[in-house]
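Summary of structural features
Chain residues, written in single-letter form:
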Amino acid sequence: MTGVAGGAAGPLLLGVRHHGPGSARAVGAVLDAYEPGVVLIEGPPEADAVAAAAGDDGMVPPVALLAHAVDEPGRAAFWPLAEFSPEWVAIRWAVRRGVPVRFIDLPAAHTLAMSEGEQETVPGGTDGGGAAGDADRDPDSGPGSDSGPDPDSGPESASEGGSGVRLDPLAALAEAAGYDDPERWWEDAVEHRRGAAPGADPYEPFVALGEAMAELRAVHGAGGHQRDLVREAHMRLRLREARKEFGDAATAVVCGAWHVPALTQAATVTADRRALKGLPKVKAEVTWVPWTHRRLARRSGYGAGIASPGWYRHLFTAPDRPVERWMTDVAGLLRAQDHQVSSAHLIEAVRLAETLATLRGRPLAGLTETTDAVRSVLCEGSDVPLELIRDRLVVGDVLGEVPEGGPAVPLQRDLARCQRAVRLKPSAAERELDLDLRKETDAARSRLLHRLRLLGIGWGEPARSRSGSTGTFRESWRLRWEPELSVRVAEAGIWGTTVREAATAKARSRAVEPGTALAEITALAELCLLARLPDALPVVMRVLADRAALESDVGHLARALPALVRTLRYGDVRGTDAGALAEVAGGMAERVRVGLPPACAGLDDEGACEMRGHLDAAHQAVNLLARDVPTADGAAAPDAGGAAAPDTEGGAAGNLLDRWRTVLRTLAGRDRVPGLLRGRCARLLLDDGQLADAEAERLVGLALSPGTPPAEAAAWIEGFLAGGGMLLVHDERLLALVDRWLTGVPADAFTDVLPLLRRTFAEYEAGVRRTLGELVRRGPAGEGSRRGSGESAGLPGFGAGLEVRRADAVLETVRLLLGTASAGDGTGAANGRHEREGARV
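Residues numbered from 1 in each chain as written. Predicted model: local features only at pLDDT ≥ 70, side-chain atom pairs only at ≥ 80, totals over all residues. Heavy atoms only, no water.

Considering the overall build of the protein chain
- For the protein chain, the count of helices and strands is 36 helices and 12 strands.
- When the 841 residues of the protein chain are sorted by exposure, 51% land in the buried category.
- In the protein chain, the proportion of contacts linking residues at least 24 apart, taken out of those at least 6 apart, comes to 72%.
- When the accessible area of the protein chain is evaluated, it comes to approximately 37700 Å², of which 51% is carbon and sulfur surface. (Helix = DSSP H or I, 4+ residues; strand = E, 2+ residues; numbered from the N terminus. Buried < 20%, exposed > 50% of the residue type's maximum accessible area, 1.4 Å probe, protein only. Contact = heavy atoms within 4.5 Å. Areas by Shrake-Rupley, 256 points an atom, 1.4 Å probe, with all protein chains shown as cover.)

Some points on the environment of Arg488
- Structurally, Arg488 is set in helix H18 (residues 485–492).
- For Arg488, a relative accessible area of 31% puts it in the partly exposed group.
- Sequence-wise, Arg488 and Gly74 are 414 residues apart; in three dimensions their C-alpha atoms are separated by 7.1 Å.
- When neighbours within four sequence positions are excluded, Arg488 is seen to be in contact with Gly456 and Ile457.

Some remarks on the environment of Leu702
- Along the chain, the position of Leu702 falls in helix H28 (residues 693–703).
- Distance from Leu702 to Ala713, taken between C-alpha atoms, is 9.3 Å for residues 11 residues apart in sequence.

Focus: the pairing of strand S12 (residues 474–479)
- When strand S10 (residues 431–436) meets S12, the two strands line up antiparallel, connected through 6 bridges. Looking across to S12, one finds that Leu433 is bridged to Trp477.
- By the bridge criterion, 3 bridges tie strand S11 (residues 460–462) to S12 in an arrangement that is antiparallel. Paired with Pro462 across the strands is Trp477, a residue of S12. (Pairing = 2+ DSSP bridges.)

Focus: the packing of aromatic side chains
- Per the counting criterion, the structure on display carries 9 aromatic pairs.
- Note on Phe84 and Tyr312: the rings are 6.1 Å apart at their centroids and 90° apart in plane angle, and the pair reads as edge-to-face. Residue Phe84 is located in the loop between strand S6 (76–81) and helix H2 (86–96), and its partner Tyr312 is located in helix H11 (residues 309–317); the two are separated by 228 residues in the primary sequence.
- You can call Phe84 buried: its relative accessible area is 0%.
- Summarising the aromatic geometry, the rings of Trp716 and Phe720 are spaced 4.9 Å apart at their centres and angled 20° between planes, so their arrangement reads as stacked. (Phe/Tyr/Trp six-rings, centres within 6.5 Å; stacked < 30°, edge-to-face > 60°.)

A short note on the sheet that holds S12
- Read across the sheet, 3 strands follow the order S10-S12-S11 without closing on themselves; strand pairing throughout is antiparallel. Edge positions in the sheet fall to S10 and S11, since each has one partner strand and no second. Direction aside, neighbouring strands of the sheet carry axes that sit 35° apart on average.
- In the packing of helix H17 (residues 440–454) onto the sheet, contacts are made with S10, S11 and S12, and the angle to S10 comes to roughly 120°. (Axes fitted to C-alpha atoms, helices over the stretch in contact; angles between N-to-C directions.)

Points about the pattern of salt bridges
- Under the defined criterion, the tally for this structure stands at 45 salt bridges.
- With a shortest N-O distance of 2.8 Å, Asp105 and Arg231 are connected by a salt bridge. Residue Asp105 is found in the loop between strand S7 (101–103) and helix H3 (108–114), and its partner Arg231 is found in helix H7 (residues 227–246); the two are separated by 126 residues along the sequence.
- Put simply, Glu430 and Arg478 hold a salt bridge, and the shortest N to O gap is 3.6 Å. Placement of the pair is Glu430 in the loop between helix H16 (410–421) and S10 and Arg478 in strand S12, with a sequence separation of 48 residues.
- Taking relative accessible area as the criterion, Arg478 reaches 34% and is therefore assigned partly exposed. (Salt bridge = Lys/Arg side-chain N within 4 Å of Asp/Glu carboxyl O.)

Section: the packing of helix H27 (residues 675–687) against helix H29 (residues 710–721)
- The contact between H27 and H29 brings their axes to 6 Å, and the two run at 30°. Judged by the angle between their axes, H27 and H29 are roughly parallel. Crossing of H27 against H29: the hand is right-handed. Residues Gly675, Leu676, Arg678, Gly679, Arg680, Ala682, Arg683 and Leu686 of H27 pack against Glu712, Ala715, Trp716, Glu718, Gly719, Phe720 and Leu721 of H29.
- In the contact of H27 with H29, the residues fall into 7 nonpolar, 3 polar and 5 charged. (Parallel < 35°, antiparallel > 145°, perpendicular 65-115°, else oblique. Left-handed = near helix turned anticlockwise from the far one by under 90°. Nonpolar A, V, L, I, M, F, W, Y, C, P; charged D, E, K, R; others polar.)

Some points on the sheet that holds strand S4 (residues 38–41)
- Spatially, S3-S8-S4-S7 is the arrangement adopted by the 4 strands of the open sheet, whose pairing is parallel. Pairing within the sheet leaves two strands with one partner each, and these edge strands are strand S3 (12–16) and S7. Adjacent strand axes in the sheet meet at a mean angle of 20°, parallel and antiparallel pairs treated alike.

Details of the nonpolar core
- Trp459, Cys528, Met588, Leu596, Phe720 and Trp741 are the most contacted members of the largest nonpolar core, which has 115 residues in total.
- Ignoring sequence-local partners within four residues, the contact set of Trp741 consists of Leu704, Pro710, Ala713, Ala714, Ile717, Val753 and Leu757.
- In this structure, Ile41, Ile104, Cys255 and Leu263 belong to the second largest nonpolar core, which totals 50 residues. (Core = buried A, V, L, I, M, F, W, Y, C linked by side-chain atoms within 4.5 Å.)

Quick notes on unusual backbone geometry
- With an omega of 5°, the peptide bond between Pro61 and Pro62 qualifies as cis.
- Residue placement: Pro62 occurs in the loop between S4 and strand S5 (63–69).
- In this structure, Asp338 takes a positive phi of about 65° despite not being glycine.
- Take Asp338: its relative accessible area is 68%, and that puts it in the exposed class.
- In this structure, Glu380 is a non-glycine residue whose phi angle is positive, near 55°.
- Here Glu380 lies in the loop between helix H14 (367–378) and helix H15 (384–395).

Some details on a negative patch on the surface
- A contiguous patch of negative charge, built from Asp553, Asp604, Asp605, Glu606 and Glu610, is present on the exposed surface.
- Looking at the element boundaries, Asp605 is found in helix H25 (residues 605–628). (Patch = residues over 30% accessible without salt bridge, like charges linked within 9 Å, V, L, I, M, F, W, Y side chains within 5 Å. Lys, Arg positive; Asp, Glu negative; His and termini not counted. Charge placed at Lys NZ, Arg CZ, Asp CG, Glu CD.)

Written as structure tokens, this is what we have:
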């Protein structure tokens, strides 16, 4: 086929590489020159109904066509399109001129049905029509590019020639041209060419590429891509329809270059229909969804598989001098990060990139040359800022936009409405969000994010607060919108048409599912409260009460209790009545208390370690329960640091705390309980102020006595000291006991004890370990300079005496803070003396 100035001899067959800026520019030039009456695009025909939306000004690429099975929304496929995609250029050109757009690839109804049971849910082929990414193709290739296999075809049979190797068309052409890198050949031959020469026919490059592909297919046949034969049969049928309706000269086809020879081969209508007969089929729907450059850069899954979408976008949009403009963008990014970049740096970097391109025989400096120049000149040989450049510029955080009036599932529309209501816009860049739940907008944001988490739409994940706040009125989230979340939205649409309805329905369903663990149900109850789902909470609570009454495993009960107790703290802040949880939580805590002693007896080391986690969680939950649950007289239960007498009006929560501490005392002194748990119980009582110092010292002495096996003693120490070493810093009597025991461990047992001790002390902060080392080096309290009284006698764990001169330096600041007299009124000396005496006390 030959293009002529007056028009092509047949339909315009524009073979492209998907997501190639050079191909996109060339397609636009041909369409402007020939002005066809219909444009055929490689893509699912179901998209014909939504193609007009591409002309909306609110449609900002990158975007993707999302096809999903109506009865099974989780079975879905994407066809991503970027600003520099040839298909996008062709669609935009046609829609804005009123030219019909038709998609000619295999229908999504067949593609989705054929993907059942396979690892990938994304259609594609050797050049998948902008379809999503092929798992095995070159990372720089486009969606279903000419160089990759079909991810959905699975382990397909070999080609007709019997070879099991899939052909990479770009690699074959590059080898014929004398290149060892197909990507470099494609960039030099297509991407870095700035257009046809003045007066030249813009269609000629497509003719040459089609002839090259015809030669390859004449030798290799399908090249190992057997599903392409079915897809090409459907393409030919659609092409015949268009040619009959609009004529050859008025028909343009934009498809992967690999398919061009198949569209011109002599095949009968009967043969093509026979190839499509009997294909599986499902009911499918297609809509537009936003896409991201970061997803375009991923090779598998829903990615299109191009490694540098930001660079390709720059090549497509830069009107001239692409290398200079790229270096300017790099310099702006580095300067924003406080890197010193001058105009001289830019000039030298551009010169170096162009010199490298000349030495390597390239028509234009590519990404490889510019990266080498940036590393050498702007980054001074460091790869650290280069990673920032790759993340922000080479890939980028661009997120496309879809107009509100576009086709979408009802749940997607309601989600967009909720996002506008709480002023929370999706973004491809990860960001931190701190919420103050006392503010109505932040509370609404929290409810929305928790409801989406319940639906499996992971737009936001809870994170640790940057301010370190642990109050119940604050939440911190880490947000990032990923394209596949659109599939999750479509999948969640089976639960309801609004976010609240869908979350409520799914919570009810999860609660009554057989086999759901008790801990999962308590976590679901907490999530219902956080998401404020009052219609779902009664069902969840009824199931929770029934399951808790039947549960006999203490470990399961202890694991489920903390989440249940945490929910009791959210009622006032979130305006939700959590009173229904109090009775269930109290009963569960009581059952843990009763069942704990027999559950702790006779455990091995692994079981004791697991039980220690349950013990810590249950202890914290009981303390929260005692502190936050109102007592019988309307007051809060006694604080965890104090004990309520059994005969006072302490309420059920206070009595539960007393009984819990009694169980801990019992376990701390029971020989059948592993040393790890006995030591942990003693530490919990000590931290709560329920164990006198003398009693703690006695328990330590018994545990570390010569008659106790070293391994058992080490386990006791691990349980007692785990979680913080400040106890040893401020109580040198305990430190001396541990020191004496450790120095007395026999040599043959020391190797067995060492891992336990290292695990315990490795949890301490570096400053705590350093202080303990200094204390051990100085020796136990009461020796050397530590003896005596007066100023020479220091507090345990601190240096001896008070350095008066250094202490005086802070007095002026202290007086200013307290609002007392300044040093200039004559009272400074006397005040300083009295303040030092007070400090010493």
